[in-house]
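# Observations on chain architecture
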Amino acid sequence: MAVVNEDFLNIKNDYLFSMIEEKKRDFKKNNPDTKIINLGIGDVSLPLVPTVINAMEKATKEMSKKETFRGYGIVQGYDFLIERILEVEYKRRNVNLEKDEIFIGSGSKSDLAGVSEIFSRNCKVALMDPVYPAYRDVNIMLGRNDITYLKGTEENNFIPEIPNEHIDIIYLCSPNNPTGTVLTRKQLELWVKYAKENNSVIFYDSVYEIFIDDEDIPHSIYEIEGAKEVAVEFRSFSKLAGFTGVRCSFVAIPKELKLYTKSGEEVDLNTLYRRRQSVKYGAAPYITQRGAEAIYSDEGQREIRENIKYYKENAKYMKQELEKIGFITYGGENSPYIWLKLPNGIDSWEFFDKLLNEVAVVGTPGVGFGNYGEGFFRLTAFSSKEDTKEAIDRITKSFK
Ligand code: PLP
């Protein structure tokens, strides 16, 4: 008998997004001529920049010639990309990492799941709430049920307090999806201190790092002293450079970071992840990695920052106009997400229905990101400028 791994039965169906799709379908059926504007998507809308396209075309041509053809890649990633990451993402911020501490992947979603596998199923996990729901589901699939939710509320500005219990794995997401809030240097110092005192590991998800504007907000957790001993950092080219469909990411796993066997012996995560990758992962494609490398040229940087500016202008416009009609909003600065506080007594699905039925605009109910997301609503800045403007005009006219 082929027995199922029952941990897989413990994850909830993807209720949130299937429900949104179903509601959109019903609306469309009843209102075939009304254009629905989606401010709920977490995907980018601008295409790849020319520098990336040129680099990928060049790499594709190399593949067509016997002399320059590339077969199986290097599982860790090609040096040409890793060296640029070390230089631009780290050295320029006074962080020194070595080449064998960076692993190129195919998106942070799978990187987050891959690193998580190396920890025991008995580890106690802490997640911010509200947060990106995949963290929870990955841990449940791995049989980890001891999950503490660190509450993010208006009172603590969605920055959870340091727990007063022992936690083995802490997920920190900054800039946070969905609240848009960022962790300050002081807060990160406290988390690093906690992790050191508790032999815990921080999973630092900073896939929205490019949106950080404030001078004093760290771009990498390794800007904090001692973080290399306790933190794994996840970064992605998805939002950074519009690679949601191309798929490329990287994970930093410093060699100082140790895990322990049951009997207390030290093992290093870097070595075990390398082993895991060589068994389970086939390396990110050469063409993809050439595309990613291209964003680190001067022209590439200029072009991707132009795109980020476009989304930031959307965020600014949304926040400003919504606040004008009395909404309380969070995020929208240092982040592509606007976290909208709903007027008293309206729950997040009720608001979803209202927005869809009255103005044909779609967003994401806050409760989809955790129980503490109830009473809030996520809007994203990733739509086109025209759609964003039209959606906000419709909302402001109707909800004044
Ligand atoms: N982490 C967070 C917080 C996200 O919001 C997302 C995607 O939306 C991811 C990770 C996954 O990104 P990727 O496209 O690199 O898999």
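Because the structure is predicted, anything quoted here is derived from the model rather than measured.

Our focus in this paragraph is the site of the ligand. Neighbouring the ligand are 14 residues; Ser108, Asp205, Tyr208, Ser236 and Ser238 lie closest to it. A distance of 2.8 Å separates an oxygen atom of the ligand from a polar side-chain atom of Asn177. In the environment of the ligand, an oxygen atom lies 2.6 Å from a nitrogen or oxygen atom belonging to the side chain of Ser238. For the ligand, whose free accessible area comes to 400 Å², the fraction covered by protein is 91%.

In terms of domains, the protein is made up of domain 1 (7-48 + 299-399) and domain 2 (50-297). For domain 1 and domain 2, the distance between their C-alpha centres works out to 26 Å. At the junction of the two partners, domain 1 supplies 37 residues and domain 2 supplies 47 residues. In this assembly, domain 1 packs against domain 2 so that about 3,700 Å² is buried in total across both faces, 59% of it on carbon and sulfur atoms. It is Leu48, Asn334 and Tyr372 that lose the most area in domain 1 upon contact with domain 2, and together they represent 23% of the buried surface on that side. Where domain 1 meets domain 2, there are three salt bridges. Linking Lys341 and Glu154 is a salt bridge whose minimum nitrogen-to-oxygen distance equals 3.0 Å. Taken together, the links from domain 1 to domain 2 amount to 18 residue pairs in polar contact (both at pLDDT 80 or more). Broken down by secondary-structure element, the contributors of at least two residues to the side of domain 1 that touches domain 2 are α10 (298-324), β11 (328-331), β12 (337-341) and β15 (376-380). At nine residues, α10 tops the list of elements feeding residues into the side of domain 1 that touches domain 2. Class assignment of the residues belonging to the side of domain 1 that touches domain 2 gives a composition of 16 nonpolar, 11 polar and 10 charged.

Between two aromatic rings, the relevant description is the distance of the centres plus the angle of the planes. Evaluated as defined, the whole model comprises 30 aromatic pairs. On the basis of an interplanar angle of 65° and a centroid distance of 5.3 Å, the ring pair of Trp349 and Phe352 is categorised as edge-to-face. With Trp349 and Phe352 both in helix α11 (residues 348-359), this residue pair falls three residues apart, about one helical turn. Just as Trp349 is buried, Phe352 falls in that class too. Members of the aromatic cluster, joined through ring pairs, are Tyr90, Tyr222, Phe237, Phe243, Phe250 and Tyr296. Sitting above the plane of the Phe80 ring, Arg290 keeps its charged end 3.6 Å from the centroid.

Procedures and definitions
Residues numbered from 1 in each chain as written. Predicted model: local features only at pLDDT ≥ 70, side-chain atom pairs only at ≥ 80, totals over all residues. Heavy atoms only, no water. Near = heavy atom within 4 Å. Polar contact = N/O pair within 3.5 Å; in protein donor to acceptor, adjacent residues only side chain to side chain. Areas by Shrake-Rupley, 256 points an atom, 1.4 Å probe, with all protein chains shown as cover. Domains from an automatic or database assignment. Contact = heavy atoms within 4.5 Å. Buried area = accessible area lost by both parts, 1.4 Å probe. Salt bridge = Lys/Arg side-chain N within 4 Å of Asp/Glu carboxyl O. Helix = DSSP H or I, 4+ residues; strand = E, 2+ residues; numbered from the N terminus. Nonpolar A, V, L, I, M, F, W, Y, C, P; charged D, E, K, R; others polar. Phe/Tyr/Trp six-rings, centres within 6.5 Å; stacked < 30°, edge-to-face > 60°. Buried < 20%, exposed > 50% of the residue type's maximum accessible area, 1.4 Å probe, protein only. Lys NZ or Arg CZ within 6 Å of the ring centre and 35° of its normal.

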